[in-house]
Amino acid sequence: MFAQAPANKGKDKGPALSPARQEIFNTYNGAATKAANLCEAIPADKYNWRPMEGVRSIAEVCGHFAGTSYLFMQGAGIKIPANMQAVVDSYAKLGSDVPAVFKTEAAIGSQKDTVAAIRAAFDAVREIIRTGNDEDLTRQVTLFGRPTTLRAALIQLIDHDAEHLGQSIAYARMNKVVPPWSK
């Protein structure tokens, strides 16, 4: 049903997309918009909350959305802003040192800074989806050190963001925050 939505309806207007790009855009945009709006709706005083030790806090999950958007799209030529380079680098440099990666994600800044970083990252991914033609979707990119296509990298990013959106919804609900789209 989402694939049948009118092309570029609403605030994300731009040039008409092919049906394949429109399907990717609609799916990505739905999860990205919800994630950004939820990270903004969670009060700043709850950003350090985590359900237990060893898992991401709200600030870290929200920072993770921004950082991994750049990580997944590095091979597609996304420009990583200076304030996000340390986060993206932490995934490779720190590897299995999960607490250090979490700290890097939380260090983006305040809730306002984190939400701005998320929105900028999501807009950069939207631009990658909007640019090029369908043949470009089959262009080879590198993701996690392996060759894949731009289409596959976008699909994996959508899957990844949906997973963390679910995590964010659970975190929000545990903190008595109703997701904005559920009101």
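Treat the numbers as computed from the prediction; the structure is a model and nothing was measured.

About the cut-offs
Residues numbered from 1 in each chain as written. Predicted model: local features only at pLDDT ≥ 70, side-chain atom pairs only at ≥ 80, totals over all residues. Heavy atoms only, no water. Salt bridge = Lys/Arg side-chain N within 4 Å of Asp/Glu carboxyl O. Phe/Tyr/Trp six-rings, centres within 6.5 Å; stacked < 30°, edge-to-face > 60°. Helix = DSSP H or I, 4+ residues; strand = E, 2+ residues; numbered from the N terminus. Buried < 20%, exposed > 50% of the residue type's maximum accessible area, 1.4 Å probe, protein only. Disulfide = S-S within 2.5 Å. Pairing = 2+ DSSP bridges. Axes fitted to C-alpha atoms, helices over the stretch in contact; angles between N-to-C directions. Parallel < 35°, antiparallel > 145°, perpendicular 65-115°, else oblique. Contact = heavy atoms within 4.5 Å. Nonpolar A, V, L, I, M, F, W, Y, C, P; charged D, E, K, R; others polar. pLDDT = per-residue confidence, 0-100.

Let us look at the pattern of salt bridges. Summed over the entire model, instances satisfying the criterion amount to eight salt bridges. Each of Arg21, Asp136 and Arg139 takes part in a single network of salt bridges with overlapping partners.

Within the structure shown, the criterion is met by four aromatic pairs. A ring pair is formed by Trp49 and Tyr171, whose centres lie 5.4 Å apart and whose planes are at 80°; its orientation type is edge-to-face. Placement of the pair is Trp49 in the loop between helix H1 (19–41) and helix H2 (58–73) and Tyr171 in helix H6 (residues 150–174), with a sequence separation of 122 residues. Measuring from centroid to centroid gives 5.2 Å for Phe72 and Phe144, while their planes differ by 85°, and the two rings are edge-to-face. Separated by 72 residues along the polypeptide, Phe72 in helix H2 and Phe144 in the loop between strand E1 (140–143) and strand E2 (146–149) bring together distant segments of the chain. Note on Phe72: relative accessible area 6%, which makes it buried. Taken together, the ring pairs in this structure connect Tyr28, Phe65 and Phe122 into an aromatic cluster.

Okay, the state of the cysteines next. Summed over the entire model, instances satisfying the criterion amount to one disulfide. With its sulfur 2.3 Å from that of its partner, Cys39 forms a disulfide with Cys62. The sign of the S-S torsion, about -95°, decides the handedness of the disulfide formed by Cys39 and Cys62: left-handed. On the criterion of sequence distance, the pair formed by Cys39 in helix H1 and Cys62 in helix H2 is long-range, its members being 23 residues apart. Residue Cys39 is classed as buried on the basis of its relative accessible area of 1%.

Side chains Val141 and Leu143 of E1 all project onto a buried face; the interleaved residues Gln140 and Thr142 project onto a face where none is buried. Sheet topology note: the E1/E2 ladder contains four bridges and is antiparallel. Directly across from Thr142, in E2, lies its bridge partner Pro147. The antiparallel hairpin formed by E1 and E2 contains two residues in its connecting segment, where Phe144 sits at a positive phi of about 55°.

For any two helices packed against each other, one specifies the crossing angle of their axes together with the interaxial distance. Orientation of H1 relative to helix H5 (residues 111–130), taken along the N-to-C sense of each, is 175°, at an axis distance of 10 Å. By the angle class used here, H1 and H5 are roughly antiparallel. Side by side, H1 and H5 meet where Arg21, Ile24, Phe25, Tyr28, Asn29, Ala32, Thr33, Ala35, Ala36, Asn37, Cys39 and Glu40 of the first sit next to Gln111, Val115, Ile118, Arg119, Phe122, Val125, Arg126, Ile128, Ile129 and Arg130 of the second. A per-class count over the contact of H1 with H5 returns 13 nonpolar, four polar and five charged.

Now for the confidence of the model for the chain. In this model, the chain carries an average pLDDT of 90, and 91% of its residues clear a pLDDT of 70 or more. Low confidence marks residues 1–11, where pLDDT is under 50. Its contacts with residues over four positions away, or in another chain, come to eleven contacts.

Attention shifts here to unusual backbone geometry. Leaving glycine out, the prevailing phi sign among residues is negative, and the prevailing peptide bond configuration is trans. Phi is positive for Phe144, close to 55°, though the residue is something other than glycine. With a relative accessible area of 47%, Phe144 lands in the partly exposed category. A positive phi angle is found at Lys176, which is not glycine, with a value near 60°. With respect to the helices and strands, Lys176 occurs in the segment after H6.

To continue, consider the environment of Phe122. Within the element layout of this structure, Phe122 appears in helix H5. Considered as a pair, Phe122 and Ala36 are 86 residues apart in the sequence and their alpha carbons are 8.5 Å apart. With residues up to four places along the chain from it excluded, the contact list for Phe122 reads Tyr28, Ala32, Ala35, Ala36, Phe65, Ser69 and Asp161.

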